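Summary of the model geometry
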Amino acid sequence: MAEITLKSLAHTYLENPKSPQDYAIRELNHVWQQGGAYALLGPSGCGKSTLLNIISGLLEPSSGEVLFDGEVVNDLPPEARNIAQVFQFPVIYDTMTVYDNLAFPLRNVKTPEARVHERVMEVADVLELTSQLKRKAKNLTADEKQKVSMGRGLVRDDVSAILFDEPLTVIDPQLKWTLRRKLKDIHQRFQITMVYVTHDQLEASTFADKIAVMYEGQVVQFGTPRELFETPNHTFVGYFIGSPGMNFLDVSARDGAVWAGDTALTVEQGVRDAIEKASSSNIKLGIRPEFIEVHTEPVEGGMSAQVDHAQDLGTYSIVYLTLGGISLKARIEEDQTTPTGTAWLRFPDERLGLYVDEYRVEVDHE
Amino acid sequence: MNKVYNNRAWWLILPMLLLVAFSAVIPLMTVVNYSVQDVFDANTRFFTGTEWFKEMLNDPALQAAVLRQFAFSLTILAIEVPLGIGIALIMPKKGWQASVALILVTMPLLIPWNVVGSIWQIFTRGDIGLMGWSLRELGYGYNITSNPVDAWATIILMDVWHWTSLIALLCYSGLRSIPDAYYQAARIDRASKWAVFRYIQLPKLTNVLVIGVLLRFMHSFMIYAEPFVLTGGGPGSSTTFLSQSLTTMAIGQQDLGPSAAFSLIYFLIILLVTWVFYTAIMNMQKDNNKGA
Amino acid sequence: MSLNLENIDRVVGGETHIADMNLTLEPGSFNVLLGRTLSGKTTLMRLMAGLDTPTRGRVLMNGQDVTGRSVRHRNVSMVYQQFINYPSLTVYDNIASPLKLAKVGRAEIDRRVRGIAEMLHIEHLLDRQPLELSGGQQQRTAMGRALVKDADVVLFDEPLVNLDYKLREEFREELRAVFSERNCIAVYATTEPAEALALGGNTAILHQGRLLQYGPTADVYHRPIDIRAAEMFSEPPINIVKGTLSGSEISFDNTLHFPVGNDLSTLEPGEYRFGIRASHISLTPRAKSDIEIHMIVDLAEISGSETFLHVHNEHFYMTVHLEGVHEFRVDSPVKLYFPAHKVYAFDHEGAVVHIPTHLRGI
């Protein structure tokens with residue numbers, strides 16, 4: 001059981017890093033609390049696997065510290081860290097039976113056979129592997145193999161955290177959700193800290209209570225799935241979470257109004273004030289396609305936008321719009337009328353985000 | 001049926017058929033032909049049936065040579081396989097060291113058989129050979145021309161020196177194909193070095209080892225040039241292996257009939273042993289596949 | 001340029017991979033082959049390309065029988081799941097390679113390669129080698145090679161499977177734009193219903209080597225001909241519940257009763273299987289006639305902006321597709337509503353006998 005703390009962690013694969021771009025991980029400070037279910041989400045190449053390997057001790061960070069329960073473990077090898085890791089491709093010991101696979105980590109430290117048996121049976125029961133125990137592990141299906149590799153982490157009662165590196169990559173789509181449920185089950189039952197690395201928002205949000213979104217070697221937001229969706233802290237989170245991602249409009253304040261290109265936007269006073277106060281000229285307004293109100297008739301405070309086309313996605317549509325020269329997407333429900341030609345848009349105040357230099361800025365609502 | 005049948009395609013395998021005919025079928029049929037006849041000259045020949053085969057199978061000298069041959073092949077396998085695996089395990093996997101190690105290990109394989117014999121012939125001489133001289137200086141009466149034990153040991157040593165590299169290289173490639181995740185998982189599972197070898201490396205090496213053992217068995221069973229150059233089959237006939245007995249019979253004594261029969265027996269032994277070994281291994285894997 | 005498949009069978013080693021396939025693809029059409037793994041998508045594409053020949057039946061291009069004609073004489077191109085490029089050639093030479101084989105003039109090659117590269121947003125990468133590129137860029141290069149030679153038929157075999165979902169979103173949008181300007185037949189295989197919907201055009205649903213349904217994508221989605229087609233073309237799969245229709249009432253497993261709306265009243269009383277789309281079930285009632293059901297949560301799968309809720313009661317399982325992020329604890333109770341007027345009905349053989357009329361586009 002452990003709380004994992006990362007202190008000014010940085011890592012580079014180059015010998016003489018020159019610019020921040022040379023770092024896979026940059027100045028990262030983070031705490032994973034004991035017993036939490038966490039995800040580390042980001043596109044390929046964002047440094048998430050590097051970070052995972054640093055935590056498990058397979059990789060030594062270029063600088064900074066990794067602490068387990070307040071103790072620096074930088075110098076400890078993986079076998080001394082009491083960490084279990086489940087890899088992208090199931091790692092099983094081919095020649096052994098499922099039972100022996102599960103018993104392996106215990107037998108390696110000379111656990112009495114009676115205790116081994118007790119633990120293996122318990123874990124096999126949780127993972128629904130009891131009927132497979134006598135089979136050779138190499139004849140299992142991919143999902144069973146992945147359960148076995150998970151089980152090898154669970155049998156140890158000294159394990160302080162389990163790290164998952166995209167564990168469902170090779171699993172048949174129809175079986176994925178049962179394994180996801182299994183994972184949640186296990187977490188609730190064992191109360192072990194779990195960190196799940198993935199590039200897939202579904203996997204991350206389904207598994208984790210809190211998600212760390214990584215972008216260019218940094219954690220740009222650490223929050224619940226709902227927070228990532230409703231109040232993305234960084235433009236990248238807005239773009240990366242949700243399909244389609246958040247709309248962003250480059251805006252400026254001029255003549256007492258907020259402008260996107262040549263169109264004055266209807267926004268509340270607080271947004272206008274914040275834009276005027278901003279020290280940078282990199283200012284964006286962000287709104288999710290789900291939250292744009294689309295009207296087919298003029299409405300009060302509605303901004304007129306040109307409808308480019310609509311895409312029927314079955315039970316909802318995505319409407320492609322142009323507002324002030326900027327392309328926007330809006331989601332229209334099945335029962336709503338799809339606009340043609342011109343539409344009138346409203347951005348609900350509480351759904352609109354202001355981003356200065358890519359980070360979200362709080363706005364005073366009157 | 002709209003499938004296209006183009007029978008001209010059959011012509012494409014003609015060159016291969018011709019090649020096989022010349023390289024395998026015709027020579028083999030010649031041998032079969034000789035093995036059932038007693039040939040005096042181009043016009044005088046008698047059909048002998050299985051007579052030559054019976055004679056060969058009952059020949060005590062040949063029986064001894066067969067036993068000697070098995071002893072030799074099994075001995076070198078028992079040494080070369082574990083040694084080859086060991087070398088593959090300690091070979092560096094990355095950087096310039098890996099290239100250097102690869103070149104060094106490959107070197108003995110590039111030397112022709114008879115040259116290997118000559119090298120060792122000189123190497124083991126008591127007067128000018130490094131090994132022979134050193135052993136004598138150390139007080140051991142080393143002499144491969146008079147002491148059968150010395151002769152045997154030397155031939156085995158020579159073969160090990162020459163061919164362990166093959167096993168090592170095969171294993172090296174097998175080891176390289178193991179994904180890093182396996183080693184990482186093993187570290188996290190706190191597996192000992194031995195456990196890593198036993199449960200990760202060895203299972204992954206099974207396939208290459210099957211090939212290695214088969215090659216080395218067939219190869220060593222036909223060993224000729226090296227002992228011929230080194231010991232000439234002596235002292236006495238203590239290092240006379242099968243192929244040398246055959247050569248002596250066929251070329252030296254011109255006993256074409258018996259040697260043809262013997263060749264076929266020889267061929268069948270190799271075929272049989274190889275087949276048994278291969279089937280055994282395949283069966284082992286099939287059982288594994290069936291699982292529970 | 002049209003492509004006809006007539007009564008095609010493809011049997012390999014006694015195993016039927018494609019059975020009794022009849023399909024006509026119109027000139028300039030964009031066609032999606034939708035089906036699970038091993039449903040015959042790849043086999044069908046190989047038959048279209050001429051990489052394989054059918055065991056029975058004919059392939060016609062523009063009315064001409066090309067059944068036995070090899071791929072080299074068919075003017076087709078193909079893009080695969082894996083990013084297949086010539087590793088030692090630059091992106092430019094990769095894209096130019098089909099034109100060089102066709103002995104096109106150098107100036108013409110240059111013009112077309114640059115045109116395609118611009119369309120696929122890789123004009124700045126032309127001097128690089130494929131292995132230096134990201135997965136998305138490698139696949140763009142492969143697409144460039146397929147598109148540059150003005151093939152009559154362009155085949156895509158799950159080209160986006162190995163890409164991040166964000167890249168997939170971008171590609172889908174671009175693909176449609178690319179093909180709207182061309183007059184070739186595009187065929188695109190996928191396992192994902194959402195991808196078929198996003199690509200539009202026509203959709204053919206394949207199942208175990210057979211064609212279940214073919215038509216305009218939205219039409220196939222809204223008007224499935226049977227249960228299997230409805231299940232194949234919905235993600236999460238449409239919820240199927242057994243029920244009895246008697247007079248003015250429907251009951252699910254004799255436990256859940258609700259009155260029948262006008263549209264279902266034309267059905268004969270009896271046993272049916274009813275289909276309810278996952279996205280038609282909601283947490284709050286949307287109409288007065290909505291039916292309230294009590295379920296237990298198995299799992300809430302959250303996908304950024306959407307939630308897939310797996311629920312059950314003693315009699316049946318259901319999947320619910322909710323907009324937005326909703327967190328639920330495993331095994332907690334939940335009250336759900338579904339609209340009685342959006343229910344499909346299938347007879348005991350699985351054929352559709354009722355399609356709701358309140359859906360958009362119908």
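Since the structure is predicted, the reported quantities are computational estimates derived from the model, not experimental observations. For every chain, the first residue of the written sequence is number 1, and numbering continues from 1 along that sequence. All chains are assigned letters beginning at A, and all ligands numbers beginning at 1, according to the order in which they are written. Owing to the predicted nature of the model, reporting of local features is limited to residues with pLDDT of at least 70; listing and counting of side-chain atom pairs is limited to 80 or more, with chain, interface and lining totals taken over all residues. Note that water and hydrogens are dropped before the side-chain values are worked out from all heavy atoms of the structure.

1. Quick look at the UniProt feature "transmembrane region" (unreviewed entry) in chain B
Residue and element names in this part refer to chain B. Inclusion rule: UniProt positions are given in the numbering used here, feature names are shortened, and annotations may be inferred rather than shown by experiment. Working definition: helices are DSSP H or I runs of at least four residues, strands are E runs of at least two. Numbering for both runs from the N terminus.
According to UniProt, the positions carrying the feature "transmembrane region" (unreviewed entry) are residues 12-36, 70-90, 102-123, 151-175, 196-218 and 260-281. A helix fraction of 73% and a strand fraction of 0% characterise residues 102-123, whose end C-alpha atoms lie 25 Å from each other. Annotated as 100% helix and 0% strand, the span residues 260-281 places its first and last C-alpha atoms 32 Å apart.

2. A word on the domain arrangement of chain C
Residue and element names in this part refer to chain C. Put simply, the rule is: Marked domain ranges trace back to an automatic or database domain assignment. Note on definitions: a residue-residue contact is assigned when non-hydrogen atoms from the two residues lie within 4.5 Å. Throughout, buried area stands for the accessible area (probe radius 1.4 Å) lost by two parts on being put together, summed over both. Each reported salt bridge corresponds to a side-chain nitrogen of Lys or Arg within 4 Å of a carboxyl oxygen of Asp or Glu. A 3.5 Å cut-off defines polar contacts: any pair of N or O atoms within that distance qualifies, except that in protein one atom must be a possible hydrogen donor and the other a possible acceptor, and neighbouring residues in sequence count only when both atoms are side-chain atoms. When residues are grouped by polarity, Ala, Val, Leu, Ile, Met, Phe, Trp, Tyr, Cys and Pro land in nonpolar, Asp, Glu, Lys and Arg in charged, and all others, Gly among them, in polar.
Once the domains are mapped, chain C shows domain 1 (3-227) and domain 2 (239-354). For domain 1 versus domain 2, the distance between C-alpha centres works out to 37 Å. Every contact between the two is made by 6 residues of domain 1 and, on the other side, 8 residues of domain 2. Here domain 1 packs against domain 2, burying approximately 600 Å² in sum over the two surfaces, 60% of which is carbon and sulfur. It is Tyr-221, Pro-224 and Ile-227 that lose the most area in domain 1 upon contact with domain 2, and together they represent 72% of the buried surface on that side. In this assembly, domain 1 and domain 2 are joined by 0 salt bridges. The tally of links from domain 1 across to domain 2 stands at 4 residue pairs in polar contact (both at pLDDT 80 or more). Looking at the side of domain 1 that touches domain 2 residue by residue, the class counts come to 4 nonpolar, 1 polar and 1 charged.

3. Some points on the pattern of salt bridges
Residues and elements named next belong to chain A. Put simply, the rule is: Think of it in three bands: residues with accessible area under 20% of the maximum for their type are buried, residues over 50% are exposed, and the middle band is partly exposed, with areas taken using a 1.4 Å probe on protein chains only.
Inspection of the entire model under this criterion finds 48 salt bridges over all chains. A salt bridge links Glu-203 to Arg-180; its shortest N-O distance comes to 2.8 Å. On the criterion of sequence distance, the pair formed by Glu-203 in helix H6 (residues 201-207) and Arg-180 in helix H5 (residues 173-190) is long-range, its members being 23 residues apart. By relative accessible area, which is 6% here, Glu-203 ends up buried.

4. Some thoughts on unusual backbone geometry
Residues and elements named next belong to chain A. Note the cis peptide between Ser-243 and Pro-244, where omega equals -10°. Looking at the secondary structure, you find Pro-244 in the loop between helix H8 (235-240) and strand S11 (247-250). The backbone phi angle of Asp-69 is positive, close to 50°, even though this residue is not glycine.

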